[in-house]
Amino acid sequence: DAGVIQSPRHEVTEMGQEVTLRCKPISGHDYLFWYRQTMMRGLELLIYFNNNVPIDDSGMPEDRFSAKMPNASFSTLKIQPSEPRDSAVYFCASTRILNTGELFFGEGSRLTVL
Amino acid sequence: GIQVEQSPPDLILQEGANSTLRCNFSDSVNNLQWFHQNPWGQLINLFYIPSGTKQNGRLSATTVATERYSLLYISSSQTTDSGVYFCAVAGSGNAGKSTFGDGTTLTVKP
């Protein structure tokens, strides 16, 4: 089985540019999560979806961040406009069951905003 | 929400040594996982262990849910074990979402 697939693996952009990160969850997993990892804050949950519907976006840092899941096999996390403090590794993860399911992560997208 | 504390924060071992990593959590949980983040940044699933004991090669884990802690044992450590070990828990206290500890950074020296 293919795991969670993320793209791009690395992104370097300039402040003010739009950034779009992509994720394909494991087939059959109804829950998709976006996490951000930084040295200062560790791994923090940004938003999660259930059956393509955003359930909890309380971790999204500000309005510059948005996430969508147009279908069961694709999600995007968009930052517009990007700022240097957005530099981080963004992980996508999926699971079959929220409370008791095993969480599987993609390889992450390392974003650097200059 | 659920608080997760991992200890020690850093650990340096000589190759071949054994180690125990600890994860304490503040509320009852339905889900506990251990992950290894390797030097390339990948998060590798080690154990899904909301309770009980599991073993996988040189690694084993025990969760005592009633006492709110989990332990990860690494025996005969190898340099490839280096990286950061995370504990993640989910329960009613965080609405089923996984909360991560700050991790234990393990360095195994040859």
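Note: the structure precedes this text.
Predicted model, so just to flag it, every value in this text is computed and none were measured. (Residues numbered from 1 in each chain as written. Chains lettered and ligands numbered in written order. Predicted model: local features only at pLDDT ≥ 70, side-chain atom pairs only at ≥ 80, totals over all residues. Heavy atoms only, no water.)

*Asks:* What should I look at first to understand the overall build of chain B in this one?
*Replies:* Helix and strand counts for chain B stand at zero helices and 11 strands. Sequence-ordered secondary structure for chain B, helices as α and strands as β, is β-β-β-β-β-β-β-β-β-β-β. Principal-axis analysis of the C-alpha atoms places the extent of chain B at approximately 45 × 25 × 20 Å. Residues classed as buried in chain B amount to 50% of the 110 residues present. The contacts in chain B between residues at least 6 apart in sequence include a share of 56% that link residues at least 24 apart. Put simply, chain B shows about 5,000 Å² of open surface, and 48% of that area lies on carbon and sulfur atoms. (Helix = DSSP H or I, 4+ residues; strand = E, 2+ residues; numbered from the N terminus. Buried < 20%, exposed > 50% of the residue type's maximum accessible area, 1.4 Å probe, protein only. Contact = heavy atoms within 4.5 Å. Areas by Shrake-Rupley, 256 points an atom, 1.4 Å probe, with all protein chains shown as cover.)

*Asks:* Just to check I follow, could you spell out unusual backbone geometry for this structure?
*Replies:* What is expected of a backbone is that most residues other than glycine have negative phi and most peptide bonds are trans. Residues Ser7 of chain A and Pro8 of chain A are joined by a peptide bond in cis, for which omega reads -10°. Turning to its location among the elements, Pro8 of chain A is positioned in the loop between β1 (5–7) and β2 (10–13). In this model, Gln80 of chain A is joined to Pro81 of chain A through a cis peptide bond whose omega is -5°. The phi torsion at Asn51 of chain A lies on the positive side, around 50°, for a residue other than glycine. Here Asn51 of chain A is to be found in the loop between β5 (42–50) and β6 (53–56). In this model, Ser76 of chain B sits at a positive phi of 45°, which is unusual for a non-glycine residue. Structurally, the position occupied by Ser76 of chain B is in the loop between β8 (69–74) and β9 (83–90).

*Asks:* Please explain the pairing of strand β9 (residues 88–95) of chain A as it appears in this structure.
*Replies:* Side chains on a regular strand alternate between the two faces of the sheet. Residue and element names in this part refer to chain A. Within β9, eight of the eight residues are buried, leaving the element largely enclosed by the surrounding structure. Burial of β9 is two-sided: the residues Ala88, Tyr90, Cys92 and Ser94 facing one way and the residues Val89, Phe91, Ala93 and Thr95 facing the other way are all buried. Both strand β4 (residues 31–38) and β9 contribute to a ladder of seven bridges, which runs antiparallel. Residue Arg36 lies in a different strand from β9, and its bridge partner there is Tyr90. With three bridges connecting them, β9 and strand β11 (residues 109–113) associate as antiparallel partners. By the bridge assignment for β11, Val89 is matched with Arg110. Bridge count for β9 against strand β10 (residues 104–105) is two bridges, and the pairing is antiparallel. Bridging across to β10, Ser94 finds its partner in Phe104. (Pairing = 2+ DSSP bridges.)

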